[in-house]
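Chain by chain, the residues run as shown.
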Amino acid sequence: MRNLNISIFASGTGSNFEAILKAKKKGLIKSTIALLITNNSQCGAVEIARKNSIDVVHISRKVYPELSEEKYTEIFLNVLKTYNIDFIVLAGYMKLLPPSLVDEYENRIINIHPALLPSFGGKGMYGINVHRAVLESGVKVTGITIHFVNKEYDKGRIIFQKCVEIYPDDDEYSLQKRVLKYEHKYYPLIISELEKHLL
Ligand code: GRF
């Protein structure tokens, strides 16, 4: 049986992408990490892809402002088809996916969020903003959520959650660092579980 082909979508630093690549090297993840799609050609994730000889495709609305939604979605679908992509892993991807892409890959797109959804999610809740909002709210635990992606930000069916302790002297940066460690541990594990069901 052939391995699955995964496309990572990322816009930022790419530390989750790196954790996934490490898990692939260790043999925990069996699928081929075939491609990185990014909307930001200057981001850290692109560097990581280049170092690991993974193809990068830059797709940004800014590059194609004149295209209809349909034509713009076709660009994604054509690239995914060219690389035979079975499964999409969002790892710090900052854009909402085109709705028809979500339909095409129903239950085959996942995302990781650095808090316990449905709290602290939705538009604008990304990066350090999430951890700031968590601390401001006064909650005593935070966590990570891995979920399927639907057409709304952070609203898809939850697959996995793990609590992360908040310390009294935490600021948003120390909290982000602790939460990221959990992301790096559990995202590859969940991908390795999911791929078994898709094989
Ligand atoms: C992570 O906190 C992830 O939960 C969120 O975006 C951040 C990406 O970080 N979706 P990185 O680019 O993987 O370092």
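See the structure shown above.
Summary of the structure given here. Since the model is a prediction, treat every value here as computed from it, not as a measurement.

**Topic: the nonpolar core**
Step number 1: Judged by nonpolar contacts, the single largest core of 37 residues is most densely connected at Ile8, Phe17, Ile33, Val89 and Ile110.
Step number 2: Ranked by residue count, the leading element in this core is helix H6 (residues 172–198), at seven residues.
Step number 3: Beyond its immediate sequence surroundings of up to four residues, Ile110 is in contact with Phe87, Ile88, Val89, Leu90, Ile146, His147, Phe148, Val149, Ile159, Tyr187, Ile191 and Leu194.

**Details of the pattern of salt bridges**
Think of it this way: side chains of opposite charge can pair up when their charged atoms draw near.
Step number 1: The tally for this structure, following the rule as stated, stands at six salt bridges.
Step number 2: The shortest N-O distance in the salt bridge between Arg61 and Glu69 comes to 3.5 Å.
Step number 3: Using a relative accessible area of 30% as the deciding quantity, one classes Arg61 as partly exposed.
Step number 4: Taking the relative accessible area as the measure of exposure, Glu69 reaches 42% and is therefore partly exposed.

**Here we look at the site of the ligand**
Step number 1: Gly12, Thr13, Gly14, Ser15, Asn16, Gly92, Ile112, His113, Pro114 and Glu183 make up every residue found near the ligand.
Step number 2: Take Gly14: an N or O atom from its main chain is 2.7 Å from an oxygen atom of the ligand.
Step number 3: The contact in question runs from an oxygen atom of the ligand to an N or O atom on the side chain of Ser15, over 2.5 Å.
Step number 4: When the ligand is considered free in solution it has 370 Å² of accessible area, and contact with the protein chains removes 84% of it.
Step number 5: Sorting the residues of the shell around the ligand by element identifies helix H1 (15–26) and strand S5 (109–113) as the ones contributing at least two each.

Analysis parameters
- All chains use their own residue numbering, which begins from 1 and follows the written sequence.
- In keeping with the model being predicted, local features are shown solely for residues with a pLDDT of at least 70 and side-chain atom pairs are shown and tallied solely at 80 or more, while totals for entire chains, interfaces and linings include all residues.
- Hydrogens and waters are ignored; side-chain quantities use all the structure's heavy atoms.
- In these notes, a set of buried Ala, Val, Leu, Ile, Met, Phe, Trp, Tyr and Cys residues joined through side-chain atoms within 4.5 Å is what counts as a nonpolar core.
- Type-normalised accessible area, obtained with a 1.4 Å probe on protein chains alone, sets the label of each residue: buried when under 20%, exposed when over 50%, and partly exposed for intermediate values.
- Secondary structure is summarised from DSSP: a helix means a run of H or I of at least four residues, a strand means a run of E of at least two, and numbering begins at the N terminus for each.
- The contact criterion used is simple: two residues touch if any of their non-hydrogen atoms lie within 4.5 Å.
- Each reported salt bridge corresponds to a side-chain nitrogen of Lys or Arg within 4 Å of a carboxyl oxygen of Asp or Glu.
- If a single non-hydrogen atom of a residue is within 4 Å of a molecule or strand, that residue counts as near it.
- By the criterion applied in these results, polar contacts are pairs of N or O atoms within 3.5 Å in which, for protein atoms, one can donate a hydrogen and the other can accept it, and in which residues neighboring in sequence qualify only through two side-chain atoms.
- In short, Shrake-Rupley with a 1.4 Å probe defines the accessible areas, and a residue's cover is counted only from the protein chains shown.

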